[in-house]
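Survey of secondary and tertiary structure
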Amino acid sequence: MSLVIENLHASVEGTPILKGLNLEIPTGEVHAIMGPNGSGKSTLSKVIAGHEDYEVTDGKVVLDGVDIAELEVDERSRAGIFLAFQYPAEVPGVSNANFLRAALQARMPEGEEVDAVSFYKDMYAKMDELEMDRKFTGRAVNEGFSGGEKKRNEILQMMMLDPRYCIMDETDSGLDIDALKVVAKGVNSMRSEARGFLVITHYQRLLEYIKPDHVHVMADGKIVKSGGPELALELEESGYDFLKQPA
Ligand code: ADP
Ligand code: MG
């Protein structure tokens, strides 16, 4: 099982952003993508998730052997892809609990219902793990949440939906070190042979807590370098300047 990205080219409003990106994430592995701001990391995550603003002009995204080009966002989600956004959206008027319950209900077979008792039990257990106050169940999704609260809430959604492929876009930004450790613990508890992770980050810090199997550097819409966890440390020391030098 794997999420495979082949020669992916994508544009926003006619401007090419992804320029021939290749990446394979087998289940059981954690892949990190690092890179300078503007290199296309968020674009990649949104293209995988099926965001309508992004036009795929070439290449493909293959989920467990199936090209998902024609699938809508919700279909990709039900197929096992989850994206934790860099900038999570607020959903006024919809409580966190109702939002999660509806998302889970949408995954149930026809005629079956989410069991309310086990739903709340599961949600509270996960909130405890993420050290989230229970008051967040009744609040509108992300509305008025601090940056760090939004990021925790993204991970709560991820833990509840139990996706096969987790994409996390700069989950570390907005989190202080204690919150980062809590979130990393939640993410690490989800690591399994049946699940793959794509962890996008600008800084190495997150990768001290979520240890990647592979690290890729993205620049100008492509993966320009791949290596093991040591690559993240090298980048921390030398920065992204090497990208500007002629090879
Ligand atoms: P990163 O996440 O690596 O910082 P992004 O994927 O956010 O990079 O952005 C890559 C490039 O695409 C940037 O130049 C950005 O301005 C542009 N871009 C991304 N989304 C949009 C959009 N919706 N409209 C116009 N330009 C966009
Ligand atoms: Mg980004």
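First, a word on what this report is: a plain description of the structure on this page. (Residues numbered from 1 in each chain as written. Chains lettered and ligands numbered in written order. Predicted model: local features only at pLDDT ≥ 70, side-chain atom pairs only at ≥ 80, totals over all residues. Heavy atoms only, no water.)

1. What to know about the site of ligand 1
What surrounds ligand 1 is the set Val12, Ile17, Pro36, Asn37, Gly38, Ser39, Gly40, Lys41, Ser42, Thr43 and Tyr54. Note that an oxygen atom of ligand 1 is positioned 3.2 Å from one of the backbone N or O atoms of Ser39. A distance of 3.3 Å separates a nitrogen atom of ligand 1 from a polar atom in the side chain of Tyr54. Across the complex, the protein chains shield 62% of the 560 Å² of accessible surface that ligand 1 would expose by itself. The dominant element in the shell around ligand 1, judged by the number of residues it contributes, is helix H1 (residues 41-49), at three residues. By residue class, the composition of the shell around ligand 1 is four nonpolar, six polar and one charged. (Near = heavy atom within 4 Å. Polar contact = N/O pair within 3.5 Å; in protein donor to acceptor, adjacent residues only side chain to side chain. Areas by Shrake-Rupley, 256 points an atom, 1.4 Å probe, with all protein chains shown as cover. Helix = DSSP H or I, 4+ residues; strand = E, 2+ residues; numbered from the N terminus. Nonpolar A, V, L, I, M, F, W, Y, C, P; charged D, E, K, R; others polar.)

2. Details of the sheet that holds strand S10 (residues 196-200)
Taking strand neighbours across the sheet as the criterion, the six strands line up as S6-S9-S10-S3-S11-S12 in an open arrangement whose pairing is mixed. Edge positions in the open sheet fall to strand S6 (81-84) and strand S12 (222-227), since each of these has one partner strand only. Neighbour to neighbour, the strand axes of the sheet diverge by 20 degrees on average, direction disregarded. The sheet contacts of helix H5 (residues 147-161) involve S6, strand S9 (165-169) and S10, and relative to S6 the element is tilted by about 170 degrees. Packing against the sheet, helix H8 (residues 230-238) makes contact with strand S3 (30-34), strand S11 (214-219) and S12, and its axis sits at approximately 110 degrees to S12. (Pairing = 2+ DSSP bridges. Axes fitted to C-alpha atoms, helices over the stretch in contact; angles between N-to-C directions. Contact = heavy atoms within 4.5 Å.)

Interpretation note: all reported values are geometric properties and have no functional meaning in isolation.
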